[in-house]
Amino acid sequence: MLRRRTGGESVEQIQPDLIISTGKRKGRNPSVASIYRALAEHAKREAYPEAVEQAHADFAALQPRSPWTSPHSP
């Protein structure tokens, strides 16, 4: 999708070729709005990779540890 978008194709031209692979809408095409959201999320991750890494680290730190795991396990 990114390659085609960079090549000048519009989202509307790309949309019929995309297929949702899991979930309730499996086998259907994503909406144009969903494609734009995915492109915006990708652009944000590319622009601020350190923020994404920090958010993942913060989330992992908030997860409760199981009493059956070793304190040294990841």
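Structural data are supplied above this passage.
Quantities reported herein were computed from a predicted structural model and do not represent experimental measurements. (Residues numbered from 1 in each chain as written. Predicted model: local features only at pLDDT ≥ 70, side-chain atom pairs only at ≥ 80, totals over all residues. Heavy atoms only, no water.)

Draft legend 1. Broad picture of the pattern of salt bridges. Taken as a whole and judged by the stated rule, the model has 4 salt bridges. With its nearest N and O atoms 2.9 Å apart, the salt bridge here joins Glu9 to Arg4. Overall, Arg4 belongs to the partly exposed group, its relative accessible area being 27%. Across the pair Arg4 and Asp17 runs a salt bridge, and its minimum N-O distance is 2.9 Å. Taken as a pair, Arg4 in helix α1 (residues 2-6) and Asp17 in the loop between α2 (11-14) and α3 (32-47) lie far apart in primary sequence, 13 residues in all. If you follow the salt bridges from partner to partner, you end up with Arg4, Glu9 and Asp17 in one network. (Salt bridge = Lys/Arg side-chain N within 4 Å of Asp/Glu carboxyl O. Buried < 20%, exposed > 50% of the residue type's maximum accessible area, 1.4 Å probe, protein only. Helix = DSSP H or I, 4+ residues; strand = E, 2+ residues; numbered from the N terminus.)

Draft legend 2. Summary view of the environment of Arg28. Along the chain, the position of Arg28 falls in the loop between α2 and α3. Using a relative accessible area of 49% as the deciding quantity, one classes Arg28 as partly exposed. A sequence separation of 10 residues divides Arg28 from Leu18, and the C-alpha atoms of the two residues are 8.1 Å apart. If we ignore the near neighbours within four places in the chain, the residues touching Arg28 are Leu18, Ile19 and Ile20. (Contact = heavy atoms within 4.5 Å.)

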